[in-house]
Amino acid sequence: MDWENARYLLVEQQIRPWNVLNPVILARVLNTRREDFVPADKKELAFVDVELPLAHGQLMLAPKVEARLLQEIDLKPTDKLLIAGPGAAYLVALAAGLCAHVVAVDADIEYVAFINAQLKAAGIKNARAEVGDALAPNGQAPFDAIIATASFDQAPASLLAQLANNGRLLAIIGEEPMMYATLYRQVGAVLEQKQVFDYNLPRMRVTAPVFEF
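Since the model is a prediction, treat every value here as computed from it, not as a measurement.

Below, the discussion takes up the packing of aromatic side chains. Within the structure shown, the criterion is met by five aromatic pairs. Aromatic side chains Trp 3 and Phe 47 sit 5.9 Å apart centroid to centroid with 50 degrees between the ring planes, which places their arrangement in the tilted category. Pair noted here: Trp 3 is in helix H1 (residues 3-15) and Phe 47 is in the loop between helix H2 (23-30) and strand S1 (52-53), with a separation of 44 residues, a long-range link. Since its relative accessible area comes to 17%, Trp 3 is described here as buried. Owing to a relative accessible area of 10%, Phe 47 belongs among the buried residues under this scheme. Site record: aromatic cluster; members linked through ring pairs are Trp 18, Phe 197 and Tyr 199. Positioned above the aromatic ring of Trp 3, the side-chain terminus of Lys 43 is 5.7 Å from the ring centre.

Okay, here's the thing in structure tokens:
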């Protein structure tokens, strides 16, 4: 397969039509080898517009969704990002090229080791996965940005509490069949929120209280 052309078509036929127009995000997708982050038996599906099942019960999000999440969280080069429940190393790899540091947290020891091995193979040095409760307080907080790769009925209070001033949390909020990627921004004592696109994901196992509006 012509992987370079496949990546070009991915951007032009899937990602741009999904309102991902930030040239920095598009360039990062073009320069990150998604085919290296999918399971070997699914390599030919690397650029298909579907969620791919991974080991340990994880999901690799559709490429247009990964790109859209990164566009909406609006990473700055100096940002520190937490990915709660990383899903796939590819999202971590994309984010690593957009900010200063990425911490991904997952409870599965073997899966964390797999993510770190993929990041190392890709030569990415400013991101790593750690074993832990994705919703528990993290010793590296506060974070400028947090992406949660699962759904909730409300924003997890434990993640909101880890935001720096002007920090952003992006999570899937709602009940099936209608869930929304919702962006929260902490500005002083005020928490702003905005629904940015509709998308359904399975629940994350919530072990912490949620924020009530």
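This part takes up the pattern of salt bridges. Under the criterion given, the structure shown has 13 salt bridges. Close ionic contact of Asp 36 with Arg 33 constitutes a salt bridge, the shortest N to O distance being 2.7 Å. The residue Asp 74 makes a salt bridge to Lys 76 at a minimum N-O spacing of 2.8 Å. Taking the relative accessible area as the measure of exposure, Asp 74 reaches 34% and is therefore partly exposed. Residue class for Lys 76 comes out partly exposed when judged on its relative accessible area of 36%.

Let's shift gears to the packing of H1 against helix H3 (residues 63-73). Direction vectors running N to C along H1 and H3 enclose 80 degrees, while the axes themselves pass 10 Å from each other. Of the possible angle classes, the one that applies to H1 and H3 is roughly perpendicular. Residues Leu 10, Gln 14 and Ile 15 of H1 lie in contact with H3, whose contacting residues are Pro 63, Lys 64 and Ala 67. Across the contact of H1 with H3, the residue classes tally to four nonpolar, one polar and one charged.

Rules used in this analysis
- Residues numbered from 1 in each chain as written.
- Predicted model: local features only at pLDDT ≥ 70, side-chain atom pairs only at ≥ 80, totals over all residues.
- Heavy atoms only, no water.
- Phe/Tyr/Trp six-rings, centres within 6.5 Å; stacked < 30°, edge-to-face > 60°.
- Helix = DSSP H or I, 4+ residues; strand = E, 2+ residues; numbered from the N terminus.
- Buried < 20%, exposed > 50% of the residue type's maximum accessible area, 1.4 Å probe, protein only.
- Lys NZ or Arg CZ within 6 Å of the ring centre and 35° of its normal.
- Salt bridge = Lys/Arg side-chain N within 4 Å of Asp/Glu carboxyl O.
- Axes fitted to C-alpha atoms, helices over the stretch in contact; angles between N-to-C directions.
- Parallel < 35°, antiparallel > 145°, perpendicular 65-115°, else oblique.
- Contact = heavy atoms within 4.5 Å.
- Nonpolar A, V, L, I, M, F, W, Y, C, P; charged D, E, K, R; others polar.

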